[in-house]
Amino acid sequence: MKLTFIGAGNMGGSAAMGFAKKSSISPTEITVTARHEESLERFRACGMNATTDNVAAVKDADIVFYVVKPWLMEQVITETCATLDYERQMVVSMAPGVKSADLLKWFDRGDGAAKRYPDMAYVIPNTAVEIGESMTFVAPISTTQLQTQLLKSLFDQLGFAVVVEEKMMLAGTSLSSCGIAYAMRYISAASEGGKELGLSEKDIEKVVCQTVKGAAELIVNRGTNAEVEIDKVTTPGGLTLKGLSAMEKAGFTEAVIEGLKAVSGNRHRLVVKVGASVLTRADGTLDTTRVSSLVDQIVTLKKNGCEVILVTSGAVACGRSLIPENRKLDDMQQRQLYAAIGQVRLMDMYYRLFIEYGVNVGQMLTIKKNFASQQEYELQKGCIDVMLQSGVLPIINENDTVSVTELMYTDNDELSGLVAEMMGADTLILLDSIDGVQGDGNIISQINPGQSILSEMLEGGEGRMSSMCRTAEQVVEHGIRVLVANGRRENVLVSLIDTPDQIVHTEFLAKKD
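Description of the structure in this document. (Residues numbered from 1 in each chain as written. Predicted model: local features only at pLDDT ≥ 70, side-chain atom pairs only at ≥ 80, totals over all residues. Heavy atoms only, no water.)

A few points about the overall build of the chain
Right, so step 1: If you tally the helices and strands in the chain, you get 21 helices and 18 strands.
Right, so step 2: Dimensions of the chain, computed from the C-alpha atoms along their principal axes, are close to 75 × 70 × 45 Å.
Right, so step 3: Across the 513 residues of the chain, 44% fall into the buried class.
Right, so step 4: Excluding contacts between residues fewer than 6 apart, the proportion of contacts in the chain whose partners are at least 24 apart in sequence is 69%.
Right, so step 5: Summed over its atoms, the accessible surface of the chain is roughly 26000 Å², and 52% of this surface lies on carbon and sulfur atoms.
Right, so step 6: Seen as two clouds, the 49 positive and the 65 negative side-chain charges of the chain have centres 4 Å apart. (Helix = DSSP H or I, 4+ residues; strand = E, 2+ residues; numbered from the N terminus. Buried < 20%, exposed > 50% of the residue type's maximum accessible area, 1.4 Å probe, protein only. Contact = heavy atoms within 4.5 Å. Areas by Shrake-Rupley, 256 points an atom, 1.4 Å probe, with all protein chains shown as cover. Lys, Arg positive; Asp, Glu negative; His and termini not counted. Charge placed at Lys NZ, Arg CZ, Asp CG, Glu CD.)

This is the structure:
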């Protein structure tokens, strides 16, 4: 059986090495690709085929593993899919977070093809796959039961594999693929603790590793569970119980669970757009009290398992409060000046407020054309992905200093919609100074995709309401629900997520596949 790994990074390289060293597959039947030749030498040294040519690498393989960064998957699939034999070859995605709907779209050869898609599955191991000790999750997308079992049997040679549904893959990734880092963080923390207790630094990490290994082997060999084994070494008033109590007081179990939930399917990705009318006072200057309140709410959402991307107005308002109007400047120049100096103050304010909670923020300024260029689109998507994966809160705004004329045609409603689509958000929240979409003098609570009321409301419509409705109408087509609410209402963000029935708003229902 011939295997090809597109991508020789930490995961792809570890999997290839594991099969070469620990499985029944000969190294000569394994091909690995990378962008640079110097990355391939260690694979050649083990007898594997190695190349920088992805297209050539997939030709003769029986199974092709795509193991590149999620934001590079479309590019690599587009490059190689025409070479694949969909009748013969199986495809496996090892890119966490990439949805099957996207894979099917990227591999689709159209209605006229004999077979529109290859047989596909997800496989998520962890880096211990290299030494044959991986915990691997396998989820079929379009593979047969026999093909799925084949993948399981292959990865059973490199540890232990379990078959799950696609919807459980993020949870599996958190528990196993990310989980190996969490286990190592305990080893690192315990090693530091041992040093503080005065133990010799020479062997302390080996001591901790052997302890963790022994604990795991006890559970596996005895067929019990962790709590049973804990009970065997704890006595009332004893040292072990004293230590466990101190760990729990410091939030040990809660911290572990929160870490798992942070990357699992339980996490809800939100794009929150805050309009200038929410952030400014009547005189057009920034309302710092309201900014502080919104920060408090976003932090609460993050603690409750939400992943938040903030699209914010306010730079011009910040600038207006710092420098008086210069009557010698035209409107465009004045706005550029306000935006340039205001952006500094706005981000400083966000930084100071969020860092009090231990939340780092990152800024991305963009313009509309960045969403039209494939390269720029991928670069900014990759930037936001990296921030989210690093626990950084992305704060996005249109670059007013260079796109002033474009503001006549676009606004932060449209920008937030583009961001929500790009990042595969679950929900887009549009906060403005209105309670929702009005119909016959009342706020409409729900609007269905394509509902005729939209076109009726927008016919000849201008201003904020039409802008938000146009954005919502576009975004729901991508399976993203849109909530429109008044950002001046107390605790509006938390209420929209936790108790939506208790706050006035409009929900644009997401279109289902």
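We are not done yet, so read on.
Considering helix 17 (residues 374-389)
Right, so step 1: The end-to-end C-alpha distance of helix 17 is 22 Å, a good match for the 22 Å that 16 residues give at a rise of 1.5 Å each.
Right, so step 2: Those residues of helix 17 that sit buried are Glu378, Gln380, Lys381, Gly382, Ile384, Asp385, Met387 and Leu388.
Right, so step 3: Summarising the contacts, the buried residues of helix 17 are in contact with helix 4 (73-80), strand 9 (268-274), strand 10 (306-312), strand 11 (361-366), strand 12 (393-398) and helix 18 (412-422).
Right, so step 4: The first or second residue beyond helix 17 is Gly391, which carries a positive phi of 75°. (Expected span 1.5 Å × (residues − 1).)

Some points on the pattern of salt bridges
Right, so step 1: Summed over the entire model, instances satisfying the criterion amount to 23 salt bridges.
Right, so step 2: Notably, a salt bridge pairs Asp413 with Lys273, separated by 2.8 Å at the nearest N-O pair. Taken together, the positions of Asp413 in helix 18 and Lys273 in strand 9 put the pair 140 residues apart, joining distant regions of the chain.
Right, so step 3: The closest approach of N and O atoms between Asp287 and Arg290, which form a salt bridge, is 3.2 Å. Of the two residues, Asp287 and Arg290, both sit in the buried class. (Salt bridge = Lys/Arg side-chain N within 4 Å of Asp/Glu carboxyl O.)

Side note on the packing of helix 8 (residues 179-196) against helix 9 (residues 204-222)
Right, so step 1: The interhelical angle for the contact between helix 8 and helix 9, taken along N-to-C directions, is 130°, at an axis separation of 9 Å. As far as their axial angle goes, helix 9 and helix 8 are oblique. Relative to helix 9, the crossing made by helix 8 is right-handed. Of the residues in helix 9, those in contact with Tyr186, Ile187, Ala190, Ser191, Gly194 and Lys195 of helix 8 are Ile204, Glu205, Val208, Cys209 and Val212.
Right, so step 2: Per-class residue counts for the contact of helix 8 with helix 9 are seven nonpolar, two polar and two charged. (Axes fitted to C-alpha atoms, helices over the stretch in contact; angles between N-to-C directions. Parallel < 35°, antiparallel > 145°, perpendicular 65-115°, else oblique. Left-handed = near helix turned anticlockwise from the far one by under 90°. Nonpolar A, V, L, I, M, F, W, Y, C, P; charged D, E, K, R; others polar.)

Some thoughts on the packing of aromatic side chains
Right, so step 1: Following the criterion strictly, the structure yields seven aromatic pairs and no others.
Right, so step 2: Pairing Phe371 with Tyr377 gives two aromatic rings, centres 6.3 Å apart and planes at 75°, and the pair type is edge-to-face.
Right, so step 3: Exposure remark for Tyr377: the relative accessible area of 25% places this residue in the partly exposed category.
Right, so step 4: Connected via pairs of aromatic rings, a cluster forms that spans Phe5, Phe19, Phe65 and Phe155.
Right, so step 5: The ring centre of Tyr86 lies 3.5 Å from the NZ or CZ of Arg109, which sits over that ring. (Phe/Tyr/Trp six-rings, centres within 6.5 Å; stacked < 30°, edge-to-face > 60°. Lys NZ or Arg CZ within 6 Å of the ring centre and 35° of its normal.)

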